[in-house]
Amino acid sequence: MMNTSISRLIVPFVLVAVLLTGCDNVLQEEPTSFIGPDNFYRNAEDALAALSGAYSEISSGSFGGYIGSYQFMRHFEKPSPEVGVGTNTPEFILDEFTWTPDATERGALPEFYASAYQGIKAANAVIDNVPGIENMDTQLQARIIAEARFLRALHYYHLVGVFGGVPLYAEEIRSLDNIAKPRAPEDSVYIFIIDDLEQAIPDLPVASVYGASQKERASKGAAQTLLAKTYLQRGSLNPDNGPLPPEREIAQPGDYQAAATLLQEVIDSGEYSLPDDLVTQYTALFIEEEPGAVNPEIIFALQSDPAVGYTSSAPCLTISEVAGSELAGASWNQHTSELPFFTSFEDEDLRKDVTFLLEFPNEAGEVVTYDIDNVEGDGVPEDSPPFRKYSKAAPGEQCADDNDWIILRYADVLLMLAEALNEVNQGPTPAAYDAINQVRERAGLDPLSGLDYASFREAVYTENRKELVAEGQGWWTMNRFWDIAERRIRAHAEFDAQFPPERQFGPRLDRLAIEAPKHRVFPIPSSSISRNPQLTQNPGY
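Residues numbered from 1 in each chain as written. Predicted model: local features only at pLDDT ≥ 70, side-chain atom pairs only at ≥ 80, totals over all residues. Heavy atoms only, no water.

A. Layout of the overall build of the protein. Assigned secondary structure in the protein consists of 21 helices and six strands. Here the protein holds 541 residues, and 61% of them are scored as buried. Carbon and sulfur atoms make up 50% of the accessible area of the protein, which amounts to about 19,900 Å² in all. (Helix = DSSP H or I, 4+ residues; strand = E, 2+ residues; numbered from the N terminus. Buried < 20%, exposed > 50% of the residue type's maximum accessible area, 1.4 Å probe, protein only. Areas by Shrake-Rupley, 256 points an atom, 1.4 Å probe, with all protein chains shown as cover.)

The following block contains the structure:
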């Protein structure tokens, strides 16, 4: 995607890249042959085509991709105090922390695990083979390798955050002898991610060099932001943030300062900004994107384009088919808000009406309005409102959304900076207040002041979830603030306990089984263990 979308890059060479990276997943299956790289990596066009294939694995790999899909959303937003489960779904195991390896084997985790490794395989092929191409522009060569390192780091960031330690494949697999590997220690995976991103940053251009149409390309700011996230995740793996086994207590003393430094560099670059008009901005980001629009808040996103085959399936999770399927063509009613989270929004908070779908047409064309005082008779299928993010305001194709799927955005940078500075200084600094208050003031809220370390940390978690809810970041945020999230989950279950069983606001107290440290990671998929006998299961599963 030098001149247009990455997915349109040099179509004949993309087909070759698909042959190279789209065969049976050599990290999961039992391959019988390998395609030699010497026949493919001959020039810059081949390198660009292979990089295009590596990008495509994020959203449309041979396992269906994982980021931006309903599978990704339902698994990594529901185990939280903010997102609940529709009553017409068996997925209360996520809301109530009652999942088992067998139960998750029937869900999204096997696909998630396999898709991430498929992406790693494609990135490894670029990293290992592009340096050997002769007579190629060295700056372009370095940038292509850096983009592949970013992609590999992104996949490992997701894997280690979900499963803990996982097998590390640092090179392209060219022999059947080195497919099966044991899990690397969790701290080794974080070190690997950090090293990839540190090597990538100097060779990546700032976003404006790419141009407005290339926001799904890895830029210097995207790598810095992902590296800051990595430091925050590792920094949160300390016993003060909830129970952990000794081997998972891997936080390093400099993690939060490293994150703060990187985030300040992203801010100082001037490449991104926080538009003042939140309603217009949220509409552009999540609901009705104007084609070709330049959005200064996006740092890294998957460009949705039905013409080339990628659209997010997240709308499938929202409105039930009975009570408003016109909005998405069809849906599965698996994704709703938890009532205490909805009611925590102040009326002045401009995010309230653009985060939650409070009014929509039913099948008869009548307007249905959510009424918290009449949840059984208002026509909304659940007792709490669904999310509006990624739900179209007009009829659309089934389970499809043509808005870009945002992975990194500037509001998150500001909130992470507030988080990091509070940790470094064991209390909020003027810079920490400035960062969080920029997000609050855009939402129409008064600035915060006069808080101590604990209350500011609580405020950062609250602001993070109100700003970023239903964007696929819930699991990672919850783990960084595990003590706060677990307390709120239990409080929501106790809230639910005062109502009869047919009134489902969130997890039921008599079924809630959240247990740390067990539930701070998911089980390794049983199917992956059966294919790789060196894999071991997470404790408690």
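From this point, things continue past the structure.
B. Main features of helix H10 (residues 220-235). In this model, H10 (16 residues) spans 22 Å end to end at C-alpha, consistent with the 22 Å of a helix rising 1.5 Å per residue. The buried fraction of H10 amounts to 15 of the 16 residues, a majority that puts the element mostly inside the structure. (Expected span 1.5 Å × (residues − 1).)

C. Quick peek at the pattern of salt bridges. On inspection of all chains with the given rule, the structure shows 29 salt bridges. Asp255 serves as the salt-bridge partner of Arg234, at 2.7 Å between the closest nitrogen and oxygen. Taken together, the residues Arg234 in helix H10 and Asp255 in helix H11 (residues 255-268) connect sequence positions 21 residues apart. The salt bridge involving Glu423 is made with Arg457; its shortest N-O contact spans 3.5 Å. Residue Glu423 is found in helix H16 (residues 410-425), and its partner Arg457 is found in helix H18 (residues 453-468); the two are separated by 34 residues along the sequence. In this structure Glu423 comes out as buried when scored by relative accessible area, which is 14%. Owing to a relative accessible area of 10%, Arg457 belongs among the buried residues under this scheme. Counted as one network, the salt bridges with shared partners bring together Glu297, Asp349, Arg351, Lys389, Arg409, Arg440, Arg442, Glu463, Glu467 and Glu471. (Salt bridge = Lys/Arg side-chain N within 4 Å of Asp/Glu carboxyl O.)

D. Highlighting H18. Compared with the 22 Å implied by 1.5 Å per residue over 16 residues, the 22 Å span of H18 between its first and last C-alpha is a close match. Within H18, the full set of buried residues consists of Phe456, Arg457, Ala459, Val460, Tyr461, Glu463, Asn464, Arg465, Lys466, Glu467 and Leu468. Looking at the residues trailing H18, positive phi occurs at Ala470, about 65°.

E. Geometry of the packing of aromatic side chains. In the structure shown here, the tally under the stated rule is 26 aromatic pairs. Relative to Tyr370, the ring of Phe342 has its centre 5.6 Å away and its plane inclined at 90°; by these criteria the two rings are edge-to-face. Pair noted here: Phe342 is in helix H14 (residues 339-343) and Tyr370 is in the loop between strand E5 (367-369) and strand E6 (405-409), with a separation of 28 residues, a long-range link. One cation-aromatic arrangement involves Lys389 over Phe286; the distance from NZ or CZ to the ring centre is 4.9 Å. (Phe/Tyr/Trp six-rings, centres within 6.5 Å; stacked < 30°, edge-to-face > 60°. Lys NZ or Arg CZ within 6 Å of the ring centre and 35° of its normal.)

F. Representation of the side chain of Ser219 in the model. In this structure, Ser219 sits in the loop between helix H9 (207-210) and H10. Other than its neighbours up to four places away in sequence, Ser219 contacts Leu204, Pro205, Val206, Ala207, Tyr210, Tyr272 and Ile299. (Contact = heavy atoms within 4.5 Å.)

G. Fine view of the packing of H11 against H16. For the pair H11 and H16, the least separation of the axes is 9 Å and the interaxial angle reads 145°. Here the hand of the crossing between H11 and H16 comes out left-handed. Of the residues in H16, those in contact with Tyr256, Gln257, Ala259, Ala260, Leu263, Gln264, Val266 and Ile267 of H11 are Tyr410, Val413, Leu414, Met416, Leu417, Ala420, Leu421, Glu423 and Val424. Partitioning the contact of H11 with H16 into residue classes produces 14 nonpolar, two polar and one charged. (Axes fitted to C-alpha atoms, helices over the stretch in contact; angles between N-to-C directions. Left-handed = near helix turned anticlockwise from the far one by under 90°. Nonpolar A, V, L, I, M, F, W, Y, C, P; charged D, E, K, R; others polar.)

H. Inspection of empty space enclosed by the protein at higher detail. Applying the stated criterion across every chain, the model contains six cavities of 30 Å³ or more. For the largest cavity, the calculated volume is near 150 Å³. Around the largest cavity, the lining comprises 15 residues; the ones closest to its centre are Tyr157, His158, Ile407, Gly472 and Gln473. Counting residues per element, the ones that place at least two in the lining of the largest cavity are helix H7 (138-163), H10 and E6. (1 Å grid on protein atoms, 1.4 Å probe; cavity = no way out; pocket = protein on both sides within 12 Å on 5 of 7 lines; lining within 4 Å. Points joined across faces, edges and corners; volume = space filled by probe spheres on them.)

I. Structural view of the packing of H10 against H11. Between H10 and H11, the least distance of the axes is 8 Å, while the angle of their chain directions is 160°. Of the possible angle classes, the one that applies to H10 and H11 is roughly antiparallel. Considering how the two elements wind past one another, H10 and H11 form a crossing that is left-handed. Side by side, H10 and H11 meet where Gly221, Gln224, Thr225, Leu227, Ala228, Tyr231, Leu232, Arg234 and Gly235 of the first sit next to Asp255, Tyr256, Ala258, Ala259, Leu262, Leu263, Glu265 and Val266 of the second. (Parallel < 35°, antiparallel > 145°, perpendicular 65-115°, else oblique.)

J. Molecular detail of the nonpolar core. Ranked by internal contacts, the top residues of the largest apolar core, which has 152 residues, are Phe150, Tyr156, Leu159 and Phe163. Sort the elements by how many residues they give to this core and H7 lands first, with 14 residues. (Core = buried A, V, L, I, M, F, W, Y, C linked by side-chain atoms within 4.5 Å.)

K. How the structure looks around the side chain of Glu147. Of note, Glu147 is situated in helix H7. Classification of Glu147 by relative accessible area gives buried; the value is 0%. Excluding anything up to four places from it in sequence, Glu147 contacts Leu51, Tyr55, Leu204, Tyr210, Arg217 and Ala218.

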